[in-house]
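A closer look at the structure
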Amino acid sequence: MPKLAEEYEDLRKTVEAFARDVVAPVIGDLYEREEFPYDIVRQMGAMGLFGLPIPEEHGGMGGDYFALCLALEELARVDSSVSITLEAAVSLGAMPIYRFGTAEQRARWLPRLASGEVLGAFGLTEPGGGSDVPGGMRTTAVLDGDEWVINGSKAFITNSGTDITGVVGVAAITGERENGKKEISTILVPSGTPGFTVSKKYSKVGWNCSDTRELSFTDCRVPAANLLGERGRGYAQFLQTLDEGRIAIAALSVGLAQGCVDESLRYVHERRAFGHPIGHYQAIQFKIADMEVRTHTARLAYHHAAELMLAGEPFKKQAAIAKLVSSNAAMDNARDATQIFGGYGFMNEYPVGRFYRDAKILEIGEGTSEVQRILIARELGLSSL
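Rules and cut-offs
- Residues numbered from 1 in each chain as written.
- Predicted model: local features only at pLDDT ≥ 70, side-chain atom pairs only at ≥ 80, totals over all residues.
- Heavy atoms only, no water.
- Axes fitted to C-alpha atoms, helices over the stretch in contact; angles between N-to-C directions.
- Helix = DSSP H or I, 4+ residues; strand = E, 2+ residues; numbered from the N terminus.
- Parallel < 35°, antiparallel > 145°, perpendicular 65-115°, else oblique.
- Left-handed = near helix turned anticlockwise from the far one by under 90°.
- Contact = heavy atoms within 4.5 Å.
- Nonpolar A, V, L, I, M, F, W, Y, C, P; charged D, E, K, R; others polar.
- 1 Å grid on protein atoms, 1.4 Å probe; cavity = no way out; pocket = protein on both sides within 12 Å on 5 of 7 lines; lining within 4 Å.
- Points joined across faces, edges and corners; volume = space filled by probe spheres on them.
- Core = buried A, V, L, I, M, F, W, Y, C linked by side-chain atoms within 4.5 Å.
- Buried < 20%, exposed > 50% of the residue type's maximum accessible area, 1.4 Å probe, protein only.
- Pairing = 2+ DSSP bridges.
- Patch = residues over 30% accessible without salt bridge, like charges linked within 9 Å, V, L, I, M, F, W, Y side chains within 5 Å.
- Areas by Shrake-Rupley, 256 points an atom, 1.4 Å probe, with all protein chains shown as cover.
- Salt bridge = Lys/Arg side-chain N within 4 Å of Asp/Glu carboxyl O.
- Expected span 1.5 Å × (residues − 1).
- Polar contact = N/O pair within 3.5 Å; in protein donor to acceptor, adjacent residues only side chain to side chain.
- Bend = angle between axes of the 7 residues up to and from the residue.
- Phe/Tyr/Trp six-rings, centres within 6.5 Å; stacked < 30°, edge-to-face > 60°.

Let's shift gears to the packing of helix α3 (residues 65-76) against helix α4 (residues 80-100). With their axes 7 Å apart at the nearest point, α3 and α4 run at an angle of 160° to one another. Taken together, the axes of α3 and α4 are roughly antiparallel relative to one another. In this structure, α3 crosses over α4, and the sense of that crossing is left-handed. Along its contact with α3, which presents Tyr65, Leu68, Ala71, Leu72, Leu75 and Ala76, the element α4 presents Ser80, Val82, Ser83, Leu86, Glu87, Val90, Ser91 and Met95. Across the contact of α3 with α4, the residue classes tally to 10 nonpolar, three polar and one charged.

Looking now at the layout of surface pockets. In this structure, the largest pocket spans a volume of roughly 1200 Å³. In this structure, the largest pocket is lined by 41 residues; those nearest its centre are Thr125, Ile364, Gly365, Glu366 and Gly367. Elements with a minimum of two residues in the lining of the largest pocket: α4, α6 (133-136), β3 (147-158), α7 (234-270), α10 (351-359) and α11 (369-379). Counting residues per element, the lining of the largest pocket draws most heavily on α7, at seven residues.

This paragraph deals with empty space enclosed by the protein. Counted according to the given criterion, the structure contains three cavities of 30 Å³ or more. Each pocket or cavity is described by its volume, and for the largest cavity that value is around 60 Å³. Taken together, Glu34, Lys201, Tyr202, Lys204, Asn208, Ser210 and Thr212 make up the full set of residues lining the largest cavity. Its residues assigned to classes, the lining of the largest cavity shows one nonpolar, three polar and three charged.

Right, let's get into the nonpolar core. Ranked by internal contacts, the top residues of the largest apolar core, which has 63 residues, are Met44, Leu86, Ile247 and Tyr302. Taken together, the elements giving at least two residues each to this core come down to α1 (6-33), α2 (38-47), α3, α4, α5 (103-115), α7, α8 (282-310) and α9 (316-341). With near-sequence residues (within four places) excluded, Leu86 lies in contact with Met44, Leu49, Phe50, Leu68, Ala71, Leu72 and Leu75. By size, the runner-up hydrophobic cluster in this structure holds 24 residues, among which are Leu252, Met291, Ala334 and Ile340.

Moving on: the pairing of β3. Bridge analysis of strand β2 (residues 140-144) against β3 gives five bridges, and the strand direction is antiparallel. By the bridge assignment for β3, Val142 is matched with Val149. Counted between consecutive antiparallel strands, the loop separating β2 from β3 contains two residues, among which Gly145 sits at a positive phi close to 65°. Bridging between β3 and strand β7 (residues 212-223) involves nine bridges; their strand directions are antiparallel. Pairing of Trp148 across the sheet is with Val222, part of β7.

It is worth spelling out the environment of Ala283 at this point. Following the sequence through the fold, Ala283 ends up in helix α8. Residue class for Ala283 comes out exposed when judged on its relative accessible area of 57%. Each C-alpha atom of the pair Ala283 and Gln240 lies 43 Å from the other, and the pair is 43 residues apart in sequence.

The backbone of Trp207 shows a phi angle near 50°, a positive value even though the residue is not glycine. Its place among the elements puts Trp207 in the loop between β6 (196-198) and β7.

What follows deals with a nonpolar patch on the surface. Among the surface-exposed residues, Tyr344, Phe346 and Met347 lie close enough to one another that they form a single nonpolar patch of about 360 Å² accessible area. Here Tyr344 shows up in the loop between α9 and α10. The exposure class of Tyr344 is partly exposed, given its relative accessible area of 42%.

This next bit is on α9. The end-to-end C-alpha separation of α9 is 37 Å, in line with the 38 Å expected for 26 residues at 1.5 Å each. Phi turns positive one or two residues past the end of α9, at Gly342, with a value near 65°.

This paragraph deals with the side chain of Glu73. Along the chain, Glu73 falls in helix α3. Here the side chain of Glu73 touches Arg299 through a polar contact of 2.7 Å, side chain to side chain. Excluding its chain neighbours within four sequence positions, the residues that come into contact with Glu73 are Met1, Ala251, Val254, Gly255, Arg299 and Tyr302.

Before going further, it helps to spend a moment on α5. With 13 residues, α5 should cover 18 Å at 1.5 Å per step; its first-to-last C-alpha distance of 18 Å lies within 8% of that length. By the largest-angle criterion, Trp109 marks the main kink of α5, which is about 35°, and a proline, Pro111, follows within four residues. Taken as a whole, α5 has its buried residues at Gln105, Trp109, Leu110, Leu113 and Ala114. Contacts made by the buried residues of α5 are with α4, β1 (119-123), β4 (165-176), β5 (182-190) and β8 (227-228). With its phi angle positive at about 80°, Gly116 sits one or two positions after the end of α5.

This paragraph deals with the packing of aromatic side chains. Per the counting criterion, the structure on display carries nine aromatic pairs. Each ring, one from Phe36 and one from Tyr38, has its centre 4.8 Å from the other, and the planes form 65°; the classification is edge-to-face. With a relative accessible area of 11%, Phe36 lands in the buried category. Ring geometry for Phe66 versus Tyr302: centroids 6.4 Å apart, planes at 45°, classification tilted. Separated by 236 residues along the polypeptide, Phe66 in helix α3 and Tyr302 in helix α8 bring together distant segments of the chain.

In structure tokens, the structure reads:
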């Protein structure tokens, strides 16, 4: 692991201990019952994790985005559902309000979001959209006097239907530009607003303790003042949000990959076959060595992307590289760890089975692996050939 500054290392150790002592003993049972981990989230809020990159004047901890990434990595070493709950609440829920919100919007939402009292969500993806976000967007928001009237639906939205969800940022078409392209803006919709309906939880392959739902809007009215940032800047806003979010997802992916190494190392000392611990055999040794190489390489990639981001330098390509490399590492390590565990790897009582179920979405969410390759190629100037 790259050497961290003292304050980062202290944070990492604190979250590592919390994940080991608080999350690990209960998460397997919660996962199989598909229950949202309210008590864990409450404790995370008390620790200040939801406010890590938010300034103190807005109720946060005054840290930075890299601090958030370290916390995400350590949580994901034990469970990705808990980690993605934090990632979505901060990166997708709170940070757009901090980056683009008015003074009134920040004062209303950031202290509660930073404390974990309420969770935020980001309504971008639509049922027929997928990676073609602007082309597939159908949700509209029409200004009627001093209110926005929203109609449409969103799919796969994290943290959108918990008992403590407070606000969802909704990307919607608010008009048409002179060139005929859609004008897209972001509007804040508080939970419980009439016309805003949250569907029942999805039945998912993984992330079973994470809240993921479809949202629908039928003549949903919110004040005109709920516009987040400039009208027509919604597309640019969510591109910036996703660039940052890819670093966070890379950190989460590294955590899952590291968790696979951790669990495999424990198991190969305990499990015996043909008279020896299975870690005695070179086939197992090579498999774990490859897992460690993937994890280390992926960690370096997201650290580099975060370093550029915090320095105010361009980081789009590096974020895409980090997300691509890290999600691949998570998927490959989960497969190898499950193979090392053999039949026990297929049992839900062992963490690697949970890791295997959770890994695949990392190659899809917040930009598929194919999208990352497009972004990398574009940054290399290949799209103009």
